[in-house]
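# Coordinates in review
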Amino acid sequence: MGDVLAGNHATWEFEPDAVLIRFERGIRAPKLFQTLRERRIPHEALASVTLAPGRRGTVVLHAVPRAGADPLMEVAGGQLKEGCDPYRLVLPADRETLAEYYAHELRACLGRERNEPAERFLVTVPEPPLHFKAYDGKASFDGRNVSFRWFWTGASTAKWKAGDQTFAVSDLSGVEWRSPDVLDGYLRLVRRGDEPRPAQADQDPAAVVFGLGYGLVHESLPFAAAVLQAVRTTNGAVPVPVRVGGRRDPADIADRIRHLGELHQAGLVTDEEFSAKKAELLAEL
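Here the structure is a predicted model, which is why all the values come from computation and not from measurement. (Residues numbered from 1 in each chain as written. Predicted model: local features only at pLDDT ≥ 70, side-chain atom pairs only at ≥ 80, totals over all residues. Heavy atoms only, no water.)

### Observations regarding the overall build of the protein
The condition is simple: The numbering of helices and of strands both runs from the N terminus, where a helix is a DSSP run of H or I of at least 4 residues and a strand a run of E of at least 2. Only protein chains enter the calculation, and the probe is 1.4 Å; a residue is then buried if its accessible area is under 20% of its type maximum, exposed if over 50%, and partly exposed in between. Contact between two residues is taken to exist if any of their heavy atoms lie within 4.5 Å; hydrogens are not considered. Here, Shrake-Rupley sampling with a 1.4 Å probe gives the accessible areas, and only protein chains in the shown set may cover a residue. Neither His nor the chain ends is counted toward charge; the positive residues are Lys and Arg and the negative residues Asp and Glu. To locate a charge, the coordinates of NZ of Lys, CZ of Arg, CG of Asp or CD of Glu are taken.
Helix and strand content of the protein: seven helices and 14 strands. Each principal axis of the C-alpha atoms in the protein carries an extent, and together these give about 70 × 40 × 25 Å. Looking at the protein residue by residue over its 285 residues, the buried ones come to 45%. For the protein, contacts bridging at least 24 residues in sequence account for 60% of all contacts bridging at least 6. Accessible surface, the protein: about 15,000 Å² in total, of which carbon and sulfur atoms supply 50%. Both charge centroids of the protein, one from 36 positive and one from 40 negative side chains, sit 4 Å from each other.

### Focus: the pairing of strand β9 (residues 137-141)
Rules: Between any two strands, pairing holds if DSSP finds at least two bridges.
Side chains of β9 alternate between two faces, with G137, A139 and F141 buried and K138 and S140 left unburied. Two strands pair when backbone bridges link them, and strand β8 (residues 130-133) and β9 are joined in this way by four bridges, in the antiparallel orientation. What sits directly across from F132, in β9, is A139. Between β8 and β9, which pair antiparallel and follow one another directly, the connecting turn spans three residues. Examined bridge by bridge, β9 and strand β10 (residues 145-150) share five bridges and lie antiparallel to one another. Note that in β10 the partner of K138 across the bridge is R149.

### Section: the sheet that holds strand β12 (residues 172-178)
Strand pairing in a sheet takes place through backbone hydrogen bonds and is either antiparallel or parallel in direction. As a reminder, the rule being used: Convention adopted: a line fitted to C-alpha atoms gives each axis, helices being fitted over their contacting stretch, and angles between N-to-C directions are expressed from 0 to 180 degrees.
The sheet built from three strands is open, its strands ordered β12-β13-β14 with antiparallel pairing. Whereas interior strands pair on both sides, the edge strands pair on one side only; in this sheet they are β12 and β14 (207-209). This sheet shows a mean twist of 15° between the axes of neighbouring strands, independent of strand direction. In the sheet, β12 pairs with strand β13 (residues 186-191) via six bridges, with the strands oriented antiparallel. By the bridge assignment for β13, L172 is matched with R191. Docked against the sheet, helix α5 (residues 217-235) engages β12 and β13, running at close to 160° with respect to β12.

### Things to note about the sheet that holds strand β7 (residues 88-92)
The strand order β5-β6-β7 describes an open sheet built from three strands, whose pairing is antiparallel. In the strand order of this sheet, the two ends are held by β5 (46-53) and β7, each with one partner. Across the sheet, the axes of successive neighbouring strands diverge by a mean angle of 15°, strand direction being ignored. Sheet strands touched by helix α3 (residues 96-109): β5, β6 (58-65) and β7. Its angle to β5, the strand with the most contacts, is close to 165°.

Pasting the structure below:
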């Protein structure tokens, strides 16, 4: 598509095979968006696209990722607040027609596998080195090892007795993240094997606990996602078969040209843009 749609705190650029999301770094933008900066979402990573009324005279364009396609969303597990969802684009209500056009365009790009879990991660996360301060220690990740360095002011006796910890990615099978926005938030590493572990994160040397002002979402969630991505890569992932492109359904092309014509008549698309886009669509037949 190659077009741009600007909304609150983010801009979506529609590429032929992906949506490039660029987040604002202004003072009002969610801190998670400022940390992520930019994300490229391949069409094959999406399960669905919706457009719905928002609050205070807005509409929301929402892309839903496939299960297993994005390590960030997999770790989050539905715990993100609505305003911090990186797949939501909030727009003024007067741009609803244009937003509907792009939603329709995106839906046409989704493959048959959209309802199936992805066999590997298709969206990248911030690269290491990464670190953040939890209530009981400092967590660091260099791409190969996760390290916990305990704070004497917050760490439990069990953690002090165990000493500072370093875990090789190859020895891990996963990551658990409980949002700091709820009670008893934590980041816990899941080690390979059936080794028993303490029920409480504050007693587990393979975990750090959050608290007021510690383990903030924009710090701890990208960290956890980067570790999970490294774990899956190290353990080996079955590649997702590449979808072979083919000619579009003529009825689908006609429907998309009709939507384009409505935008043209409404003055939202120039004559030149209408002619160029129509030619692109006809070329897909």
